[in-house]
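As a plain string of letters, each chain reads:
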Amino acid sequence: MRTQGVVGLARILRLDEAVAELVHDGDTVALEGFTHLIPVAAGQEIIRQRRRDLTLIRMTPDIVYDQLIGAGCARKLIFSWGGNPGVGSLHRFRDAIQNSWPVPLEIEEHSHAGMANRYAAGAAGLPFAVLRGYAGTDLVAQTDTIKTIECPFTGERLAAVPAVNPDVGIIHAQQADRAGNVQMWGITGVQKETVLASARSLVTVEEIVDELTPRPGAVVLPNWVVTAVAEVPGGAHPSYAQGYYERDNAYYQQWDPIGRDREKFENWLQTEVFGAGAQQDVERSAR
Amino acid sequence: MRTQGVVGLARILRLDEAVAELVHDGDTVALEGFTHLIPVAAGQEIIRQRRRDLTLIRMTPDIVYDQLIGAGCARKLIFSWGGNPGVGSLHRFRDAIQNSWPVPLEIEEHSHAGMANRYAAGAAGLPFAVLRGYAGTDLVAQTDTIKTIECPFTGERLAAVPAVNPDVGIIHAQQADRAGNVQMWGITGVQKETVLASARSLVTVEEIVDELTPRPGAVVLPNWVVTAVAEVPGGAHPSYAQGYYERDNAYYQQWDPIGRDREKFENWLQTEVFGAGAQQDVERSAR
Amino acid sequence: MTEFTSDEMMTVGAARSLRDGAACFVGIGLPSTAANLARRTHAPNLVLIYESGTLGAKPDRLPLSIGDGVLADTADSVITVPEIFNYWLQPGRIDIGFLGGAQVDRFGNINTTVIGGDYVNPKVRLPGAGGAPEIAASCREVLIVMRMSPRSFVPKLDFITSVGYGTGKGDREKLGLRGRGPVKLITDLGVLEPDPETCELTLTQLSPGATVEQAKAAVGWPLRVVAEPTVQQAPTEEELTVLRELQATISAGAK
Amino acid sequence: MTEFTSDEMMTVGAARSLRDGAACFVGIGLPSTAANLARRTHAPNLVLIYESGTLGAKPDRLPLSIGDGVLADTADSVITVPEIFNYWLQPGRIDIGFLGGAQVDRFGNINTTVIGGDYVNPKVRLPGAGGAPEIAASCREVLIVMRMSPRSFVPKLDFITSVGYGTGKGDREKLGLRGRGPVKLITDLGVLEPDPETCELTLTQLSPGATVEQAKAAVGWPLRVVAEPTVQQAPTEEELTVLRELQATISAGAK
């Protein structure tokens, strides 16, 4: 949530400026995007700026979270499904959990229904959410953020989960206007909730346009609930941005052997994040 | 909610058929529409069919609820704001509360935030909803469906309200297709929640079209969550249907002297609901 | 200088209380008029939010209801009623909420439910709460706008629909209400603001031509007055012109 | 008759279990293939719902993920992830949920979380729960689709991610789970269904060419078998043709 009393409109920044200003060591950071519009470029910029001790939140940690974890940015992961969709496991994630490499990774594990409700409660300014969930599963014993609550009218027992309120929420969208109002369409997952639940927010966009044209199914975030907007064409790659580009399925498959091997991963990091490829990203996002 | 195991698609019926089949004496009935798309024709058809002992639910009971109450259809009203918007009081509502005319009217009174959450809980299949609300108000002492609940994580105390799950939910929308899929746009209030929370549902529409064209801001209800659709052009009059007609502000003003006087109201009922005006409505809704 | 009515002064005073860029939860009637006046004068970036779910409405005429089509047509986004209350009002995102009522007391508590008799058999049944209790609780600041009279400025409310400062300083915190509460009660005769020590609403400004004695006579409790109440600046020509144009659109719309 | 693989038989068997007009919560992989096959054969009005929020998707090719653009483009409505879980799955509106997993036990409980070691130091860390626990709890009926092997059909799960019948009949009611639970476990060798008395999954159908002995050898607990298991009808020419066309679209898309 926007801090009490601080009135401000979204500022349009470069991606590197925005990450430098908004994401600090030790922060709780959520990068959301359900299959579609995953803020990959922003995640790689966090790696590039060598942030440490982050608590990362994401319903579906996939490749970009594998990269953040492998680069040693995270001390804790809050999630509900971690994998390389359609391909297999996340090997950096497994290596961190099973072998504490490069650093130990604490996990807090939920179901999708639970995580979606945690974001919704965060967006709604409630300390917790109620759902029909988790009953009979072993998650209850492993995750201390799952409790039981009794309906004060019927006596029925339901699950309760605490709100998530990240320090920084990061999403990718198709468009923003010059005033920083954001529009996204297609599958929009929990992106609105992520921004509304977070103290600060960064939205990377495919393009900044003069005017947002209303579209069927679009979600609009007004500029007074967004902290910063950065124009990053292709910023969701290898995921997709409906109306801009398709999912790069080959990238997901090519990630498997890279993620599997510590050395190949380190090489990838040096080349693609810290090396020349990185510089291109920064230039691409310069206004 | 759709009854377990009963798989069915929306049927397209005449308004009088639909009301005869779906609305029974003693039912709990919600007619929703927040200023826009108020299902007035359906409400008047309920009067015409002389239903009795209804528990009526509506966030903003206005003229059509004044008419239902004055006609003696209701034994209880669950609401959060009752008035003739921009004009003043609902005199039939006041006469029922203050003088039990024509029959006593029990009330269960909430705030908008509470009612909106009660519908949302009903739609979500939860027995109750949690909100920051009612604290310090005298509503808590008068309404036994407001309780306190403690957050199991923070110990904070919040308000709890029970779900509403009407026997019948009735809304008005702009369009349905021939398969009974419904589309509405503009201000859509709690209409989706009303249909999803109800055991049975009726959607009156301005027109039945061959195909629904996706529109910015539209809410779509698939035919498998709707019981019946009735084509009733002008069915929201004197409220409005965006893209079809504007609000008839004069009607709201003209209602005041009619609603104020029992005799004038009785005359209005005989003429406009049971008389010739009524017949026009039925014919208008015939396919 | 152009003549103006005390209602016009009240509306202009309310409009001036709205900072540019603030997000404002607007009810119909005077609050909507004041917000639209502000947006056309000193606060072009005022964000108007109506409880019907229209975020950032920019109506070109005064809406007659909180759910007019012109609000949806001109909004940045139209959302559902559960969302407006849960995601936007409840978390304290809205800077300013505007309330009116049938009765107000010295701590800015408001009654819009029943007058006289008791709850079950009231003398007058009013519309009820609507969005007010949670607007009063959750907006960062609340502005109350009401004409002064001993019938409506009462020592004790017949029903507490929306909480101002409860029974005094510290009550909001005890109740868990997170907004600051009513920062101004704007009337036709002047402006009341909470005393920093006690939160009791105190006359701090007079409308041009109004006197402390008039104000005291129009209030049903012993009105506190600051040492030297200032006098509000009279409506400017521009304010009056824009206000009257706006009001003309509503009469045209009501035809 | 055209040759077919046991995987094709399994997919066709799953597709046939989907009634026309049913609302089906579809996961990626075999469930999505089966649901799309059903929609192209006997169940043209099957409603496909993906957890990404696409209601009534009608993809013209197999999606590669639960959030493909083709699902949003062809859906009756695209809604948010909180809404799909809260308004659509949780209240029991969805007729059929499709699940797979790394391990299943005789009561249809499923593990998709960890294998070996313990939760903190597992031998193999799997993706986790995703939507499965609540799909298993709230869909009116659940279909499980898994290839039979003693490594995955185990006497005791390493972790209960999603509940089938718990420890037996009556457990779902005690846990407050409102759907019926797994009505079929469809495998490459045949179909298991819950015993009406005990809810233990029991072999009721064999795939063409498979034997009871093969099935018993592929299950890590003493498999119960009905007196006379029927043999599944082999895939028809039409079913095979459509299935292979569908699978061709996925390979094309994966380029």
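It should be noted that the structure appears before, not after, this text.
Parameters at a glance
Residues numbered from 1 in each chain as written. Chains lettered and ligands numbered in written order. Predicted model: local features only at pLDDT ≥ 70, side-chain atom pairs only at ≥ 80, totals over all residues. Heavy atoms only, no water. Helix = DSSP H or I, 4+ residues; strand = E, 2+ residues; numbered from the N terminus. Rg over C-alpha atoms; globule rule 2.2 N^0.38 Å. Contact = heavy atoms within 4.5 Å. Areas by Shrake-Rupley, 256 points an atom, 1.4 Å probe, with all protein chains shown as cover. Lys, Arg positive; Asp, Glu negative; His and termini not counted. Charge placed at Lys NZ, Arg CZ, Asp CG, Glu CD. Buried area = accessible area lost by both parts, 1.4 Å probe. Salt bridge = Lys/Arg side-chain N within 4 Å of Asp/Glu carboxyl O. Polar contact = N/O pair within 3.5 Å; in protein donor to acceptor, adjacent residues only side chain to side chain. Nonpolar A, V, L, I, M, F, W, Y, C, P; charged D, E, K, R; others polar. Buried < 20%, exposed > 50% of the residue type's maximum accessible area, 1.4 Å probe, protein only. Phe/Tyr/Trp six-rings, centres within 6.5 Å; stacked < 30°, edge-to-face > 60°. Lys NZ or Arg CZ within 6 Å of the ring centre and 35° of its normal. Least-squares fit on C-alpha atoms with pLDDT ≥ 70 in both. Pairing = 2+ DSSP bridges. Axes fitted to C-alpha atoms, helices over the stretch in contact; angles between N-to-C directions. Right-handed = clockwise from strand over helix to strand, strands pointing away.

Draft legend 1. Region of interest: the overall build of chain C. Looking only at helices and strands, one finds 8 helices and 14 strands in chain C. Over its C-alpha atoms chain C spans a radius of gyration of 18 Å, differing by no more than 12% from the 18 Å that the globule rule assigns to 255 residues. Seen through its principal axes, chain C has C-alpha atoms that stretch 45 × 45 × 35 Å. Taking as baseline every contact in chain C between residues at least 6 positions apart, the subset at least 24 positions apart corresponds to 64%. For chain C, the computed accessible surface area is about 9,100 Å², with 54% contributed by carbon and sulfur atoms. For chain C, the distance from the average site of its 24 positive side-chain charges to the average site of its 29 negative ones is 3 Å.

Draft legend 2. How the structure looks around the interface of chain A and chain D. In this complex, chain A contributes 42 residues to the contact, which on the side of chain D involves 42 residues. Counting each side, the surface lost to burial between chain A and chain D is near 3,600 Å², with a carbon and sulfur contribution of 57%. Residue Arg125 of chain D pairs with Glu109 of chain A through a salt bridge whose shortest N-O separation is 2.5 Å. Linking chain A with chain D are 17 residue pairs in polar contact (both at pLDDT 80 or more), by the criterion used here.

Draft legend 3. Up close: the interface of chain B and chain A. In this complex, chain B contributes 26 residues to the contact, which on the side of chain A involves 26 residues. Taken over both partners, the interface formed by chain B and chain A buries close to 1,800 Å², and the fraction arising from carbon and sulfur atoms is 80%. The tally of links between chain B and chain A comes to 0 salt bridges. Taken together, chain B and chain A are joined by 4 residue pairs in polar contact (both at pLDDT 80 or more). Within the residue set of the side of chain B that touches chain A, elements represented by two or more residues are strand E6 (128–131), strand E7 (147–150) and strand E8 (157–162) of chain B. Split into classes, the residues belonging to the side of chain B that touches chain A amount to 16 nonpolar, 4 polar and 6 charged.

Draft legend 4. Structural context of the pattern of salt bridges. Applying the stated rule across the entire model yields 56 salt bridges over all chains. Between Arg178 of chain A and Asp210 of chain A there is a salt bridge, with the nearest N and O atoms lying 2.7 Å from each other. Remark: Asp210 of chain A occurs in the loop between strand E11 (200–209) and strand E12 (219–221) and Arg178 of chain A occurs in the loop between strand E9 (168–177) and strand E10 (182–184); sequence separation between them is 32 residues. Taking the relative accessible area as the measure of exposure, Asp210 of chain A reaches 65% and is therefore exposed. A salt bridge links Arg48 of chain B to Glu45 of chain B; the shortest N-O distance between them is 2.4 Å. Highlighted residues: Arg48 of chain B and Glu45 of chain B, both in helix H2 (residues 40–48), separated by 3 residues, approximately one helical turn. Each member of the pair, Arg48 of chain B as well as Glu45 of chain B, carries the same accessibility label: buried. Each of Arg75, Lys76, Glu106, Glu108 and Arg118 of chain A takes part in a single network of salt bridges with overlapping partners.

Draft legend 5. Local environment of the environment of Phe107 of chain D. All names here are of chain D. With respect to the helices, strands and loops of the structure, Phe107 is situated in the loop between strand E6 (103–104) and strand E7 (110–111). Put simply, Phe107 and Val163 are 56 residues apart on the chain and 8.5 Å apart in space, counted from C-alpha to C-alpha. When neighbours within four sequence positions are excluded, Phe107 is seen to be in contact with Gly164, Tyr165, Gly166, Thr167, Gly168, Pro182, Thr198, Cys199, Glu200 and Leu201.

Draft legend 6. Focus on the packing of aromatic side chains. If you walk through the whole model with that rule in mind, you get 18 aromatic pairs over all chains. Taking the centre distance of 5.5 Å and the plane angle of 80 degrees together, the rings of Phe79 of chain B and Phe93 of chain B count as edge-to-face. With Phe79 of chain B in strand E4 (residues 74–79) and Phe93 of chain B in helix H4 (residues 91–99), the pair connects residues that are 14 residues apart, well separated along the chain. Each member of the pair, Phe79 of chain B together with Phe93 of chain B, is buried. Members of the aromatic cluster, each reached through a chain of ring pairs, are Trp255, Phe265 and Trp268 of chain A. Directly above the aromatic system of Tyr65 of chain B lies the positively charged group of Arg58 of chain B, at a separation of 5.8 Å from the ring centroid. In this arrangement the basic side chain of Arg215 of chain B is found over the ring face of Trp185 of chain B, its NZ or CZ atom lying 3.8 Å from the centre.

Draft legend 7. Broad picture of the relation of the copies chain B and chain A. Aligned on chain A, chain B shows an RMSD of 0.0 Å; the corresponding rotation is 180 degrees and the shift along the axis is 0.0 Å. What the superposition gives is, in effect, a two-fold axis relating one chain to the other. Residue Pro216 of chain B of chain B places its C-alpha closer to the rotation axis than any other residue of that unit, at 1.9 Å. Of all interface residues in chain B, 100% are interface residues in chain A too; the two copies therefore contact each other through one and the same surface.

Draft legend 8. How the structure looks around the sheet that holds strand E11 (residues 182–186) of chain D. Residues and elements named next belong to chain D. On the basis of which strands lie adjacent, the open sheet formed by 10 strands has the order E4-E3-E2-E1-E5-E10-E11-E12-E13-E14 and mixed pairing. Edge strands, defined here as strands with exactly one partner in the open sheet, are strand E4 (77–78) and strand E14 (224–231). Pairing geometry for strand E2 (residues 47–50) and strand E3 (residues 54–57), over 3 bridges, is antiparallel. By the bridge assignment, Ile49 is partnered in E3 with Leu55. Across the sheet, helix H2 (residues 30–40) is in contact with strand E1 (23–26), E2, E3, strand E5 (96–99) and strand E10 (141–145); its angle to E2 comes to roughly 160 degrees.

Draft legend 9. Geometry of helix H4 (residues 91–99) of chain A. Counted residue by residue, H4 of chain A has 7 buried out of 9 residues, so it is predominantly covered. By the burial criterion, the buried members of H4 of chain A are His91, Arg92, Phe93, Arg94, Asp95, Ala96 and Ile97 of chain A. Among the structural elements, helix H3 (63–70), strand E4 (74–79), strand E5 (106–109), helix H8 (249–260) and helix H9 (262–273) of chain A together with strand E9 (122–125) of chain D are those in contact with the buried residues of H4 of chain A. Directly after H4 of chain A, the chain includes Ser100 of chain A, whose backbone phi takes a positive value near 55 degrees.

Draft legend 10. A look at the sheet that holds E6 of chain B. Residues and elements named next belong to chain B. The strand order across the open sheet built from 3 strands is E6-E8-E7, with neighbouring strands paired in antiparallel fashion. Across the chains shown, the open sheet's two edge strands, defined by having one partner strand only, are E6 and E7. The average undirected angle you get between the axes of adjacent strands in this sheet is 40 degrees. Where E7 and E8 come together, 4 bridges link them in antiparallel fashion. Looking at E8, one finds that Ile149 is bridged to Leu158.

Draft legend 11. Main features of the pairing of E1 of chain D. Residues and elements named next belong to chain D. Side chains Ala23 and Phe25 project from E1 onto one buried face, and the interleaved Cys24 and Val26 project onto a second face that is buried too. By the bridge criterion, 4 bridges tie E1 to E2 in an arrangement that is parallel. Its bridge partner being in E2, Ala23 is matched across the sheet by Val47. Note that the unit made of E1, H2 and E2 has a crossover that is right-handed. Relative to E5, E1 is paired through 2 bridges, and the arrangement is parallel. The residue bridging Cys24 from the neighbouring strand is Ile96, located in E5.

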